[in-house]
Amino acid sequence: MSTASITDAMQRAEELRRMLHDANYEYYVLDAPTLSDEEYDRLFRELKALESAHPEIVTPDSPTLRVGAEPATQFEKVSHLSPLLSLDNAFSPDELRAWEDRNARVVREVREGGYVAEMKIDGAAVSLLYEGGVLVRGATRGNGRIGEDVTQNLRTIREIPLRLRGKVPSRMEIRGEVYMSQSGFRELNERRAAAGEPVYANPRNAAAGALRQLDPRLTAERPLRFFGFQAALDPDTGERLAFERQSELLAALADWGVPVNQRHRACKDLEDVIGFADEAYRDRFDLDYGIDGVVAKVEPLRLWPELGIIGEREPRWAIAYKFPPDLATSTLLSIEVNVGRTGTLNPYAVLEPVVISGVTVRQATLHNFEDIARKDLRVGDRVLVKRAGEVIPQVVAPIPERRTGKEPVYRPPDSCPACGTAVERPADEVAVYCPNGSCPGRLFWGLVHFAGREAMDIRGLGERTAQQLLDSGLVRDVADLYGLTAEQLQTLEGFAALSATNLVDAIAASRAQPLSRLLFALGVRHVGTHAAQVLARTFVTMDALLDAGEDAFAAVHGIGETTGHALAAYLGEPKNRDLIARLAAAGVNMTEPVERADRVTLAGLSFVITGTHGMSRKDMTSLIERHGGRVTGSVSGSTDYVVAGESPGSKLDRARELGIAVIDEAALRQLAETGPAVE
Ligand code: IVH
């Protein structure tokens, strides 16, 4: 490759990146697109092609890095530049005024300085670290000081700028809220419901769940968005922001290309803030993002340090003014019980229809039987029903004064409503289970779950088809799916030649799904997508899982005792082992296709890398992970090895202090080859 053509490639790549960044900014921040989708795709593809031809020209802010990052085995812990604080709440105008009175006792001028009123976005807090204007890291809030590195997932959110515009501080964290749009949330839940997967209670849980997916490709499928509202500089740089007011910071963030919620207002006094909140409350169902109140912030930034922080967590300079929950009363007509796919009996309330915040509510969750007993809910009761940003309304409490005295005390069922088997009540859980593995209630949801989008992803196998397959006797468990023929399917109502072939093809294609999905699809209690990914990447093959015991599962970082126990119990059951054997015989893939060595020699070991080595840090991390080890950022008592190269930093000192084994690259390679010596 001649130097000239590399230089050309670099120049062209930079030009393409700039055009793509501009297009993103115009689309997401200015809401005024200048490029068509086709043009965007064309530029994107050109950049991708250039970068594949010259991998050395890829920069960390390349838009091509938004997609396709490899799944992680776990998230690294990272320290924020300064803590992410939380907010005190006010629930009434009086409480808001009391906040101002308290502040005025600390800083007299606070009343004259005015406020900014912002929407309180109901999402997950994140902090985005920009160095030289380039996004280098993004983290969840965690405990406020230490969060989890979810950079790859945040990169998939197209409106998060990978490179800031204009002149910006050299090292800065932009804080804000990742949220799911209301429309995106509804669609996601509809998809999940159709696939028999549990729906998310609210957009906040859905956003937080999506951020913590180990596979960024799964995050990319979730409709996540971002609003920024704070900035924190690195104290070590000595730089300061030149703004005087919070509203100026918001304007600057938008100039830098950060999406800022334009619905905010500079308010003269608290009465203005209350007016803003009333309007927000009135309009809340017309917005495409969830809010649970407004945030009032003291405008003059110079007063913030003077006002200070209470208990290291809550600043005095801001407060959340929360909306009241939406309540209504209704009559509890009956308590019904569903059987979930893992056999859990789930009680729910059937209510006299009642309109709450514009939505007709007919059913509400009752959580579990213990909750019903604690609230002493009785059929026939007048009850208080709440919808608080949640899709699924909740029965808050009965209104005992309205009882006639004839309402019977509720007794939970002793037998499964679907199959009649006597229920089980594990001593350490509130849940009540149907233990019958072939319970039709469990089978139905088990089948729907198996075919779900995040499981084996068999398109065309939803609730209706699952019911037909079970009713017709064509399918008695999930392994039977792989023997179905188009002719058999055509005997079912609503299936024609094409739809039957399509379903058979979709089932056949699902054979290739990775072990992580299969493991999740089997519906083992406590094994969700996250645990399934961690387990599959650690054990790599189903055989390895079948050979391992409870202790081996629980020893995996990120897998708790409960999950380990449940998985061991599931895999220990001959019926389940038989099912897995039949799936394998039907050609279903039983391995995780991670780039991985033959043997998991480093399972359970934790490494910290410091200094420069012959191989890149990325390759070293991948070497360790391929062999089942994990790499963390800082040395602690649970670190097993520190791999030190040239000019190691303070991590080496720390390792010596703690008496942790220090090895070099050659020793690491040896260790990966043979595993640690057994003493
Ligand atoms: S200010 C004091 N502004 O609410 C620093 N927070 O309950 C807090 N939130 O963790 C940040 N919208 O993630 C601020 N406009 C807004 C907000 C907001 C949502 C979240 C934030 C924080 C939580 C506190």
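Description of the structure in this document. Being a predicted model, the structure only gives us computed values, none of them experimental. (Residues numbered from 1 in each chain as written. Predicted model: local features only at pLDDT ≥ 70, side-chain atom pairs only at ≥ 80, totals over all residues. Heavy atoms only, no water.)

An order of S20-S19-S21-S22 is seen for the four strands of this open sheet, with the pairing classed as parallel. Only two strands of the sheet have a single neighbouring strand rather than two, namely strand S20 (630–632) and strand S22 (661–663). Put simply, the sheet's adjacent strands are angled 35° from each other on average, direction ignored. Here strand S19 (residues 606–610) runs beside strand S21 (residues 641–644); their pairing, made up of four bridges, is parallel. Its bridge partner lying in S21, threonine 610 is registered against alanine 644. (Pairing = 2+ DSSP bridges. Helix = DSSP H or I, 4+ residues; strand = E, 2+ residues; numbered from the N terminus. Axes fitted to C-alpha atoms, helices over the stretch in contact; angles between N-to-C directions.)

This part is about the side chain of serine 62. Structurally, serine 62 can be placed in the loop between helix H2 (37–53) and strand S1 (77–79). Under the relative-accessibility criterion, serine 62 is labelled buried at 0%. Side-chain polar atoms of serine 62 contact the side chain of glutamate 51, separated by 2.6 Å. Apart from the residues lying within four places of it in its own chain, the contact partners of serine 62 are Arg17, Leu47, Glu51 and Leu162. (Buried < 20%, exposed > 50% of the residue type's maximum accessible area, 1.4 Å probe, protein only. Polar contact = N/O pair within 3.5 Å; in protein donor to acceptor, adjacent residues only side chain to side chain. Contact = heavy atoms within 4.5 Å.)

Near the ligand you find 16 residues, and of these Glu118, Met119, Ile121, Glu177 and Lys297 are the closest. Within the contact set of the ligand, an oxygen atom lies 2.4 Å away from a side-chain nitrogen or oxygen of glutamate 177. Lysine 297 is positioned such that a nitrogen or oxygen atom in its side chain is 3.0 Å from a nitrogen atom of the ligand. For the ligand, the accessible surface in isolation is 520 Å², of which the surrounding protein chains cover 88%. Contributions of two or more residues to the shell around the ligand are made by strand S3 (115–121), strand S8 (224–233) and strand S10 (291–298). (Near = heavy atom within 4 Å. Areas by Shrake-Rupley, 256 points an atom, 1.4 Å probe, with all protein chains shown as cover.)

To continue, consider the pairing of S19. Judged by how many residues are buried, S19 sits mostly within the fold: five of five residues are covered. Along S19, one buried face is formed by Ser606, Val608 and Thr610 and the opposite face, lined by Phe607 and Ile609, is buried too. Note: S19 against S20, three bridges, orientation parallel. Looking across to S20, one finds that phenylalanine 607 is bridged to valine 631. For the crossover that starts at S19, traverses helix H23 (residues 617–626) and ends in the parallel S20, the hand is right-handed. (Right-handed = clockwise from strand over helix to strand, strands pointing away.)

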